[in-house]
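Descriptive analysis of the structure
What follows is each chain in one-letter form.
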Amino acid sequence: MRQNESMVNMDNVNNKIVAKIDVHGALILSSGDGQTFETDSLIHSLKTQGILSQTIAVVWVPTQLVLLTSVFVPGKRRADWLAALPFSLEESLSEPVENFHIVALNRSKQGNVSAGLVEHALMMKWIQVLEDHGLEHAALIADCFSLPLAHKDTLQEKAAWNVYANEQLRIVRKDTYSGFASSPEWLAEIQALTGQGE
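Everything numeric in this text was worked out from a predicted model, so none of it was measured. (Residues numbered from 1 in each chain as written. Predicted model: local features only at pLDDT ≥ 70, side-chain atom pairs only at ≥ 80, totals over all residues. Heavy atoms only, no water.)

Description of the side chain of threonine 63
Checked against the element boundaries, threonine 63 lands in the loop between β4 (58-61) and β5 (67-72). Judged by its relative accessible area of 2%, threonine 63 falls in the buried class. Only 2.4 Å separates the side chain of threonine 63 from the side chain of aspartate 143, close enough to count as a polar contact. Those residues in contact with threonine 63, other than ones at most four positions away along the chain, are Leu68, Ala142, Asp143, Cys144, Ile171, Phe180 and Ala181. (Helix = DSSP H or I, 4+ residues; strand = E, 2+ residues; numbered from the N terminus. Buried < 20%, exposed > 50% of the residue type's maximum accessible area, 1.4 Å probe, protein only. Polar contact = N/O pair within 3.5 Å; in protein donor to acceptor, adjacent residues only side chain to side chain. Contact = heavy atoms within 4.5 Å.)

Comments concerning the environment of serine 108
Within the secondary structure layout, serine 108 lies in the loop between β6 (100-107) and β7 (112-119). Linking serine 108 and phenylalanine 72, residues 36 residues apart in sequence, is a C-alpha distance of 9.2 Å.

With respect to the sheet that holds β5
Taken together, the 3 strands give an open sheet; going across it, the order is β5-β7-β6, and neighbouring strands pair in antiparallel fashion. Because the sheet does not close on itself, it has two edges, and the strands there are β5 and β6. Direction aside, neighbouring strands of the sheet carry axes that sit 30° apart on average. Bridging between β6 and β7 involves 7 bridges; their strand directions are antiparallel. Paired with arginine 107 across the two strands is valine 113, which belongs to β7. Running over the sheet, helix α4 (residues 120-132) touches β6 and β7 and is turned about 75° from β7. (Pairing = 2+ DSSP bridges. Axes fitted to C-alpha atoms, helices over the stretch in contact; angles between N-to-C directions.)

Overview of the packing of aromatic side chains
For any pair of aromatic rings, the description rests on two quantities: the centre-to-centre distance and the angle between the ring planes. Considering all chains together, one arrives at 2 aromatic pairs under this definition. Taking the centre distance of 5.5 Å and the plane angle of 85° together, the rings of tryptophan 161 and phenylalanine 180 count as edge-to-face. Taken together, the residues tryptophan 161 in the loop between β8 (139-142) and β9 (162-165) and phenylalanine 180 in strand β11 (residues 178-182) connect sequence positions 19 residues apart. Assigned by exposure class, tryptophan 161 and phenylalanine 180 land together as buried. Relative to tryptophan 186, the ring of phenylalanine 180 has its centre 5.6 Å away and its plane inclined at 90°; by these criteria the two rings are edge-to-face. A network of ring pairs unites the aromatic residues Trp161, Phe180 and Trp186 as a single cluster. (Phe/Tyr/Trp six-rings, centres within 6.5 Å; stacked < 30°, edge-to-face > 60°.)

Brief notes about the sheet that holds strand β1 (residues 17-21)
The 5 strands lie next to each other as β3-β2-β1-β4-β8, forming an open sheet whose pairing is mixed. Of all strands in the sheet, those bounded by a partner on one side alone are β3 (36-37) and β8. For β1 and β4, the ladder comprises 2 bridges, and the chain directions are parallel. Its bridge partner lying in β4, lysine 20 is registered against tryptophan 60. Helix α1 (residues 39-49) contacts β1, β2 (27-31) and β3 of the sheet and is inclined by roughly 70° relative to β2.

In structure tokens form, the structure reads like this:
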């Protein structure tokens, strides 16, 4: 996840044209209602009009290729906790932390940092896609954050999840800074354990 600032406001993104990179690394442009455009001609048209950066500010990437996690990170100063973040994440990863591009999404008052991690090689491919289309300015954000936040169940005092479903995949937005992607079967098991499917 790449951005011009170290924190991203997930709810203030441009939805005029939806830009996403699919799991195969192709840039796909579509309208809000799902009409797909020919990418190269639309990019050329937006560049010619001088409105490319205003029109496409965010490029969504597959949540299933991004690890979204939260970890306690000590430190009061921003520079200190940002420096400590990779070390705090290290124990929960199956690969060396050096293999990942890490972005801090948010830090709570209690010191829990929500972070997004992407393998460096994959991040470099995504950046190349952006550069090839003149979209160096765009933020890369996991597509689970394109889903609106679900409303909290006030009777049971639990947060609801917002789920996008297709035949093979479920994309889940749990809250402001967390989400995941899964198979339908795995999500059904998780919902049964957490009570989210009720």
